[in-house]
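The lines below spell out each chain.
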Amino acid sequence: MKHQLSWSEGDAKLFLQAMQEVGSMGGVADLEPITLEMIESIQNFVLKSSIDLNHLDGIKPAALSEKMADKSKREQLLQILILLPYVNMKVDPRMVAIVDDFAEHLEIHPQTIKDLHRVRDNHLKRLLIDYGRRSLGEFLGLDSAPKVIKGVITMFHQAIGDRAVSERYQQLETYPEGSLGHTVFHWYRDRNWALPGEKKSTSEFLLNHDCCHILGGFNTDVQGEMNVAAFQAGLFDDGFGFESLLEVILDFHLGKAFSTVGDIIPSSTGAFHPNDAMEGYEKGLACNTNLIRDFNFWSEADQSVSKLREKFNIPASSSPLLIQP
């Protein structure tokens with residue numbers, strides 16, 4: 001089960017020094033403002049430390065590996081280091097090489113390292129194919145050929161219209177105001193989205209993702225999609241959440257029009273704001289349940305959103321319950 005890591009001041013300093021090392025390309029370049037903001041946001045939302053960043057030196061990968069033995073901490077650190085080349089929108093090969101050196105010394109080799117190399121080399125089509133295959137299992141639960149076939153048939157059937165399914169979701173309008181079910185109904189209607197089973201719907205497979213928007217307090221605009229992706233990165237304990245965050249970064253920060261979401265929301269640049277994204281990541285880390293894999297909507301639909309946030313340990317949101325699109 002996923003657990004939120006606790007960072008001592010000593011380990012937190014090592015974490016920040018590693019970020020400094022990558023961000024400065026081994027000490028030969030000044031930190032760009034957005035990279036510094038990313039370091040500050042990690043200190044505030046992940047490490048909960050109060051280390052002086054004004055006089056922070058980098059640390060070499062070999063030295064770090066000698067001082068940080070905990071595998072879970074190594075994994076979280078490396079996933080954040082992998083994000084840094086994307087943050088300044090350049091994916092500089094020199095920065096990627098330093099991330100690779102950290103991966104080798106930490107003996108951690110997540111899929112996101114391979115993804116980073118493909119973005120560096122502009123092999124996005126291959127990345128999209130591989131990511132799409134993995135997301136069928138990780139994100140949609142279609143982890144075998146029979147499930148994929150059944151899932152595709154279900155999505156197609158619901159997109160052309162499934163009266164039994166649509167009527168079930170239309171009944172959510174009668175659920176108590178403030179309940180998750182009632183909120184989902186109006187969330188879809190306010191955005192002129194078809195409910196599952198209605199013609200041109202996206203089917204039920206994305207319902208848990210939409211519940212993450214509601215429970216986490218994230219809109220469905222470009223910024224909201226970025227921040228809910230960071231939230232989902234905190235939900236997963238196997239690294240896939242960071243892959244889904246990468247997808248959104250490519251679409252809305254690097255403007256690569258990477259995924260099919262570009263057909264719904266046009267790709268754009270500069271949408272990754274470290275403080276907002278890492279606040280979302282912090283919420284995901286705090287959540288005690290993977291709301292993508294392990295959440296059953298119909299067993300919780302009649303419960304109030306506020307109570308569900310308490311149940312799943314999601315920090316309260318200052319946004320209104322029904323955020324307007």
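Here is what the cut-offs are and how they apply
- Residues numbered from 1 in each chain as written.
- Predicted model: local features only at pLDDT ≥ 70, side-chain atom pairs only at ≥ 80, totals over all residues.
- Heavy atoms only, no water.
- Disulfide = S-S within 2.5 Å.
- Buried < 20%, exposed > 50% of the residue type's maximum accessible area, 1.4 Å probe, protein only.
- Helix = DSSP H or I, 4+ residues; strand = E, 2+ residues; numbered from the N terminus.
- Expected span 1.5 Å × (residues − 1).
- Contact = heavy atoms within 4.5 Å.
- Phe/Tyr/Trp six-rings, centres within 6.5 Å; stacked < 30°, edge-to-face > 60°.
- Polar contact = N/O pair within 3.5 Å; in protein donor to acceptor, adjacent residues only side chain to side chain.
- Salt bridge = Lys/Arg side-chain N within 4 Å of Asp/Glu carboxyl O.
- Core = buried A, V, L, I, M, F, W, Y, C linked by side-chain atoms within 4.5 Å.
- Axes fitted to C-alpha atoms, helices over the stretch in contact; angles between N-to-C directions.
- Nonpolar A, V, L, I, M, F, W, Y, C, P; charged D, E, K, R; others polar.

**Some thoughts on the state of the cysteines**
And step 1. In the structure shown here, the tally under the stated rule is zero disulfides.
And step 2. Free of any disulfide, cysteine 212 has its nearest neighbouring cysteine sulfur in cysteine 211, separated by 7.4 Å.
And step 3. Overall, the relative accessible area of 0% leaves cysteine 212 in the buried class.
And step 4. As a non-bridged cysteine, cysteine 287 has cysteine 212 as the owner of its nearest cysteine sulfur, 7.6 Å distant.

**Things to note about unusual backbone geometry**
And step 1. Unlike most non-glycine residues, lysine 48 shows phi in positive territory, near 55 degrees.
And step 2. Within the secondary structure, lysine 48 sits in the loop between helix 2 (33-47) and helix 3 (61-67).

**Examining helix 14 (residues 274-286)**
The α-helix advances 3.6 residues per turn, and as a result positions three or four apart in sequence lie on the same side.
And step 1. With 13 residues, helix 14 should cover 18 Å at 1.5 Å per step; its first-to-last C-alpha distance of 18 Å lies within 8% of that length.
And step 2. Most of helix 14 is tucked away, with 10 of its 13 residues classed as buried.
And step 3. When we look at burial in helix 14, the residues that qualify are Pro274, Ala277, Met278, Gly280, Tyr281, Glu282, Lys283, Gly284, Leu285 and Ala286.
And step 4. Check the buried side of helix 14 and you find it contacts helix 2, helix 4 (71-87), helix 11 (207-216), helix 12 (222-235) and helix 13 (240-252).

**Remarks on the packing of aromatic side chains**
Working definition: an aromatic ring pair is given by the centre-to-centre distance plus the angle between the planes.
And step 1. With the rule as written, the count across this model stands at nine aromatic pairs.
And step 2. Judged by centre distance (5.5 Å) and plane angle (90 degrees), the ring pair of tyrosine 188 and tryptophan 193 falls under edge-to-face.
And step 3. Look at tyrosine 188 and you get buried, because its relative accessible area is 2%.
And step 4. Tryptophan 193 gets classed as partly exposed once you look at its relative accessible area, which sits at 31%.
And step 5. Ring geometry for phenylalanine 242 against tyrosine 281: centres 5.6 Å apart, planes inclined by 65 degrees, an arrangement best described as edge-to-face. You can see phenylalanine 242 sitting in helix 13 and its partner tyrosine 281 sitting in helix 14, a full 39 residues away along the chain.

**What to know about the side chain of glutamine 43**
And step 1. With respect to the helices and strands, glutamine 43 occurs in helix 2.
And step 2. The exposure class assigned to glutamine 43 is buried, which follows from its relative accessible area of 7%.
And step 3. A polar contact is formed between the side chain of glutamine 43 and the side chain of serine 49, at a distance of 2.6 Å.
And step 4. Here glutamine 43 is in contact with Leu16, Lys48, Ser49, Ser50, Ile51 and Leu53, once residues within four sequence places are set aside.

**Some details on the environment of aspartate 11**
And step 1. Structurally, aspartate 11 can be placed in helix 1 (residues 9-23).
And step 2. Separated by 57 residues in sequence, aspartate 11 and methionine 68 place their C-alpha atoms 7.1 Å apart.

**Section: the pattern of salt bridges**
And step 1. Counted under the stated rule, the structure contains 10 salt bridges.
And step 2. Residue lysine 60 is joined to glutamate 21 by a salt bridge in which the shortest nitrogen-to-oxygen separation is 2.7 Å. Placement of lysine 60 in the loop between helix 2 and helix 3 and of glutamate 21 in helix 1 is noted, with a sequence separation of 39 residues between them.
And step 3. The partly exposed category is assigned to lysine 60, whose relative accessible area is 48%.
And step 4. One salt bridge in this structure joins arginine 293 and aspartate 238, with 2.5 Å as the shortest N-O distance. Here arginine 293, found in the loop between helix 14 and helix 15 (297-300), pairs with aspartate 238, found in the loop between helix 12 and helix 13; they are 55 residues apart in sequence, far enough to count as distant.
And step 5. Its relative accessible area of 39% is what places aspartate 238 among the partly exposed residues.

**With respect to helix 5 (residues 93-106)**
And step 1. Given a rise of 1.5 Å per residue, 14 residues ought to cover 20 Å, and the 20 Å separating the end C-alpha atoms of helix 5 matches this to within 8%.
And step 2. Burial in helix 5 covers these residues: Met95, Val96, Ile98, Val99, Asp100, Phe102, Ala103 and Leu106.
And step 3. If you follow the buried residues of helix 5, they end up packed against helix 1, helix 3, helix 4 and helix 6 (111-120).
And step 4. Where helix 5 starts, the residue carrying a side-chain oxygen 2.8 Å from the main-chain nitrogen of arginine 94 turns out to be aspartate 92.

**Overview of the nonpolar core**
And step 1. One finds Met19, Met38 and Tyr86 to be the most contacted residues of the largest nonpolar core, which totals 64 residues.
And step 2. If you tally residues by element for this core, the top one is helix 4, at nine residues.
And step 3. Excluding anything up to four places from it in sequence, tyrosine 86 contacts Val91, Asp115, Leu116, Val119, Leu246, Ile249, Leu250, His253 and Leu254.
And step 4. Phe185, Cys287, Leu308 and Ile314 belong to the second-largest nonpolar core, a separate cluster that totals 31 residues.

**Points about the packing of helix 1 against helix 5**
Describing two packed helices takes the angle between their axes plus the distance from one axis to the other.
And step 1. Between helix 1 and helix 5, the least distance of the axes is 8 Å, while the angle of their chain directions is 145 degrees. Contacts between helix 1 and helix 5 involve Ala18, Glu21, Val22 and Gly23 from the former and Met95, Ile98, Val99 and Phe102 from the latter.
And step 2. Across the contact of helix 1 with helix 5, the residue classes tally to six nonpolar, one polar and one charged.

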